[in-house]
Structure formats: C-alpha cells, structure tokens
Amino acid sequence: MTASLTLDKRVLHRVILPGALAAAMATAASGIAHARPAPESFADIAARVGPAVVNIATDRGSAPAMLEKPGDTPQFSPFGQPEGQFREFMERYFGRAMPDFRFGGPMRPDHRMSAVGSGFIVDADGHLVTNNHVVAGARSIRVRLHDGDTFDAKLVGGDAKTDLALLKIDAGRPLPFVEFGDSDRIRAGDWVMTIGNPFGLGGSVTAGIVSARGRDLRGGSLVDFLQIDAPINQGNSGGPAFDASGKVIGVNASIYSPTGGNVGIGFAIPSNDAKRVIAALKADGRIERGWLGVQIQPVTPDIAESLGIKDATGALVASVVETGPARDAGLQQGDIITGWDGAAVGKFRELPRLVAGTEAGKVVELAILREGKPMTLSVTTGLMPAAKKVASLPAKPAKEGLAGTGITVADIDPAARSRFGLGEAAKGALVRHVESDSPAWSRGIRAGDVIERVTYTPVGSAADAVKAVEQVREEGRKAVLLTIDRKGEDRIVAVRFADA
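Here is what the cut-offs are and how they apply
- Residues numbered from 1 in each chain as written.
- Predicted model: local features only at pLDDT ≥ 70, side-chain atom pairs only at ≥ 80, totals over all residues.
- Heavy atoms only, no water.
- Buried < 20%, exposed > 50% of the residue type's maximum accessible area, 1.4 Å probe, protein only.
- Helix = DSSP H or I, 4+ residues; strand = E, 2+ residues; numbered from the N terminus.
- Pairing = 2+ DSSP bridges.
- Salt bridge = Lys/Arg side-chain N within 4 Å of Asp/Glu carboxyl O.
- Core = buried A, V, L, I, M, F, W, Y, C linked by side-chain atoms within 4.5 Å.
- Contact = heavy atoms within 4.5 Å.
- pLDDT = per-residue confidence, 0-100.
- Polar contact = N/O pair within 3.5 Å; in protein donor to acceptor, adjacent residues only side chain to side chain.
- Phe/Tyr/Trp six-rings, centres within 6.5 Å; stacked < 30°, edge-to-face > 60°.
- Lys NZ or Arg CZ within 6 Å of the ring centre and 35° of its normal.
- Expected span 1.5 Å × (residues − 1).

The two faces of a sheet get side chains in turn, since along a regular strand they alternate between them. In terms of residue burial, strand 17 (residues 315–320) counts as a mostly covered element, since six of its six residues are buried. The pairing of strand 16 (residues 294–298) with strand 17 spans five bridges and is antiparallel. Paired with Ile 296 across the bridge in strand 17 is Val 317. Relative to strand 18 (residues 336–340), strand 17 is paired through two bridges, and the arrangement is antiparallel. Bridging from a neighbouring strand, Leu 316 pairs with Ile 336 of strand 18.

The next point concerns the environment of Thr 313. Mapped onto the secondary structure, Thr 313 falls in the loop between helix 5 (301–307) and strand 17. Overall, the relative accessible area of 39% leaves Thr 313 in the partly exposed class. Note: C-alpha distance between Thr 313 and Val 299 (14 residues apart in sequence) is 5.7 Å.

All right, on to the pattern of salt bridges then. The final tally for this structure, using the stated rule, is 14 salt bridges. We note a salt bridge from Lys 282 to Asp 123, for which the minimum N-O separation is 3.1 Å. One end of the pair, Lys 282, is in helix 4 (residues 271–284); the other, Asp 123, is in the loop between strand 3 (107–121) and strand 4 (127–130), with 159 residues separating them in the sequence. With a shortest N-O distance of 2.6 Å, Arg 486 and Asp 449 are connected by a salt bridge. With Arg 486 in strand 28 (residues 479–486) and Asp 449 in the loop between helix 9 (439–442) and strand 26 (450–454), this residue pair connects regions lying 37 residues apart in the sequence. The exposure class assigned to Arg 486 is partly exposed, which follows from its relative accessible area of 35%. The class for Asp 449 is buried, based on a relative accessible area of 2%. Three or more residues joined by partner-sharing salt bridges are found here, namely Asp 147, Asp 149 and Arg 173.

In terms of nonpolar packing, the biggest core is built from 26 residues, with Val 129, Leu 164, Met 193 and Phe 242 touching the most fellow members. The set of elements that each furnish at least two residues to this core consists of helix 1 (43–49), strand 8 (164–168), strand 9 (191–196), strand 13 (248–256), strand 14 (266–270) and helix 4. Top contributing element to this core by residue count: helix 4, with four residues. Other than its neighbours up to four places away in sequence, Val 129 contacts Ser 118, Gly 119, Phe 120, Val 122, Leu 164, Ala 165, Leu 166, Phe 180, Gly 238, Val 251 and Ile 278. Core analysis: the second largest hydrophobic core is formed by 23 residues, Val 409, Val 434, Ala 462 and Val 495 among them.

On to the confidence of the model for the protein chain, then. Mean pLDDT over the protein chain: 76, with 74% of residues reaching 70 or higher. Strand 4 holds the highest mean pLDDT among the elements of the protein chain, 95, whereas helix 2 (residues 83–94) holds the lowest, 40. Throughout residues 1–11 the model reports pLDDT below 50, and contacts reaching past four residues in sequence, or to other chains, amount to 33 contacts. When the criterion is pLDDT under 50, residues 62–112 qualifies, and its contacts beyond four places in sequence or with other chains add up to 100 contacts.

Turning to the side chain of Asp 273, a few remarks are in order. Position of Asp 273 relative to the elements: it lies in helix 4. In this structure Asp 273 comes out as buried when scored by relative accessible area, which is 19%. A polar contact of 2.7 Å, which involves the side chain of Asp 273, links it to the side chain of Arg 276. In contact with Asp 273, not counting residues within four places along its chain, are Val 223 and Asp 224.

We now examine the packing of aromatic side chains. Counting across every chain of the model gives two aromatic pairs. When the centroid spacing of 5.9 Å and the interplanar angle of 80 degrees are considered together, the rings of Phe 120 and Phe 180 count as edge-to-face. Note that Phe 120 is positioned in strand 3 and Phe 180 in the loop between strand 8 and strand 9, a separation of 60 residues in sequence. Sitting above the plane of the Trp 441 ring, Arg 446 keeps its charged end 3.5 Å from the centroid.

Moving on, we come to helix 4. Over its 14 residues, helix 4 runs 20 Å from end to end, which matches the ideal 20 Å to within 8%, given 1.5 Å per residue. Taken together, the buried positions of helix 4 are Ser 271, Asn 272, Asp 273, Ala 274, Val 277, Ile 278 and Leu 281.

Turning our eyes to something else, we now look at helix 10 (residues 462–474). In this model, helix 10 (13 residues) spans 19 Å end to end at C-alpha, consistent with the 18 Å of a helix rising 1.5 Å per residue. For helix 10, the set of buried residues is Ala 462, Ala 465, Val 466, Ala 468, Val 469 and Val 472. The inward-facing, buried residues of helix 10 contact strand 23 (400–402), strand 24 (407–410), strand 25 (429–434), strand 26 and strand 28. Directly beyond the C-terminal end of helix 10, a positive phi value near 85 degrees is found at Gly 476.

Laid out in structure tokens, this is it:
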C-alpha cells in the first residue's frame, strides 16, 4: 500500500469550475513500467481527446443574496469571477452551503444559485462522468459540448463517498468519447495532461507530472488520490486527467491551496476507482458497499506503548455498533484489526477501503490483536447503511485527580446529567477539569468527556478511574489508554504521564 498524507481541510478546496486535474501512467510493452519521454507537444493528444471534454452548468434554485447596505444594487463578485462560481468556491472553502456571497448587508430574495464544472464523455451513447459535488442538489443540469451544442442532462447516479457522478445526455447522434486507463501503473514523475474550463474561460489545456500517489484527504477515506502539478483552478472539478497516450487516469476533484488558486498541488480520483464506481452507477444508479460496523482510529506510538505492543500499526477499534457484523463476530472495543480477508492492515485508513470493496454477505477472516495477543475472527460482511446519527454530551464537578495526566474527574449524578445533557446510558468517570498545559489537554481531552475504560478495565465511577490509572502507573507504563465518550461517540486516547 502506498503511504498516505492527511491535509488540513482549511486549505483543501474543491475545484468547482470546469477543468482537469490529474495523474499520469507509465506504459510498457513488457508489462514493466517505463517512463515516457517528454512529448515535443501535447497538441495531437489534446486535439484527439478534447472533443470528449464537456462543460457543466447547474441551477440550484433561488437563495437570498446580500446587499452592501439597504438600497444598494448587488456588487460584482471579487476578482471578476462569475458570481455563481465565486459563491460555489466559498461553499467549498467554508464547508457549508452559503447564500450568494456579498460582503455584509441585508439579504434580497430570489437570487439564483448556480455552479459550474467539467466532465468527460465515456461512451458514444452520451454517458459522462463528473464530480458529485458539481451536480449534487441541482434542479437542472446543462452540458455544453466541445462544438458548442448544449443539452439537458439526466443524473443517472451519484456517490458522495468518492465524489463521482454519472450523467446522461441524448444528443441524437454518436458522440466522441474517451477511455479509462490503468491508474495502478502510474508512477510519480509520469506526464499528465488536463483539459478543463478554469474560471469559466472555456476549454484550457495544461500539463505537468504526477507528483505523488496514495494521498489521503479528509472526507475521502475511500479514495487514494493521485497528486499532480498540472495547473488547475476553480472550474476544473470533474474534468479528466490524461496520460501520455490519451487515456483518462484520473478525475479532477480537489486542490490544495492557501488562496483558492493553483499552487501546483491538485488531486485526482484514480481511474481504476472511478471505473468501478461508474460501472455500478450505470448498472443500478447507486453503490453498495461492504460494512463492518465499527469506529476506528490510528494506533499511535503512545497507544502501542500503553498496550505493550511493538508496532504502531493496524486499526484500533474505538467503538462497536450495537447491531452489526462486528458485534455479531465478537469484535470488541480496544481490539486492533491487523488483517482483512488475507490483506494486511498497516495504516488504519486502509481498512475502510478494504471493507467497502467487499461484497455484502461474504464471510471474511479478521485478524486482530486483543490485549496484545493475536486472534482470528470470522465476520460476515454487512451492507453499508445510509448515513448514521450520533448522540450528545458535556461536563461536571469533581474531586479526584488522575495522577500524571492533568485530569480531574467526578461521578455522574442527576445534576450532571441535566446540566451537561448526559443520557441515562452514560456511565463512567466524568471529566470535570483538564489542566491547559497537561498531557491530557494536548491529546484533546476536555471537560465534559466521560471516561468509560482505562486500558481494558471498565470504569463505573471517579474512584474506579483513579484506581485503574494508579494500577497502570504501578506497572511502569509511560502512558495510559483512555476510552472517551464525547457526544455519543467513543474515541480511544493514549495519554503519556507527565513524569514518565
């Protein structure tokens, strides 16, 4: 498995106007990848594949817009960008739906919301691929072809987890199309060419190389993104990234930028991932994925130390869904998953991809460590349900300290349940206070969290927590493993002792 890198979502922007972003692949007659020389020109490839690249515009209905002050007319969007493009960019930057952006002032009604993006045709019948975020929530979708003809498009299906969507247009004639290549053969350093519609300027060709493989972006846990340096900007979302032979090896999805403009770091969904998703959308209009029914987190060196295990690898089970495949198989909170169906789980983010790619109903061997001892469980893969819910929580007074951690805990009484919104099911030691310069504070523990377990010992009171932590210190451990309940979601945290 390739290495993963998680990037700060504050500077991760979706590229939401037509264009392209990408990855490149090496080809070889013998099956061994050999780097292609830099082409003298990309013109021939661009002329051949360009007619299959399309521009996409959507209408998302009316939304209130803001005026500078009462009586003013609307301002033009900054930087000369079309207002729909800038508003869409702001939505992606801030991670939430926004009204049409005007700097301050009251709102005016009935302002149209729109978005623009790119796409590419994948068969002569008019099926085309784009990003899900380009078309999600659209009332209508219009597709403009390379020759200027415009058609209404139907959404065949979309998949938010991989940010891919399949559209269909009826042009009344066979259409030019492009083919997917093999993204598994791409290497860092391979050439890549993109075509798109940055800032609504029309078809633009850019070129560069694949900078890295296996990038892991927040919100994209089911995709190992390709990183490219071919210039892409707002408007390139959903556009294709081509290899040196003119095959699509990536679907443009995001850029990494402090400003929202191109800085040479873009990300594409690998073509082999896209092929599987698009085939399923074309067949059924939806995606079915395997499901295990756990919440997981990384095994950090501190967690490994606190459990007395050598390697900080695998996926740590933070919680197990009450009714699900994991519970039925006997998986427990605190187990470390090290293998799935014969495949090793080195990094915790590998597990969701392995599970999601397994068909529901398949019996799989699950390799785990429990209290440091290897075990094998048999689990029947479930069908991933629709998005699930969480619960709620907050904090309370206390008198007992967990030595060396900076945490003060208290029992959960009726007053605390009322004050902090704790449900009747909440049990454990309530964190009343955390010293701001303490190890616990640096690990993100805050007042209002509920400590449910210390290492593998369940905690029913503040006294239980104090006793369990003292036991860990007596064993000579440098860190203690705490299972924390926050707002109904469990998380396992390793806290190093300040005097360790």
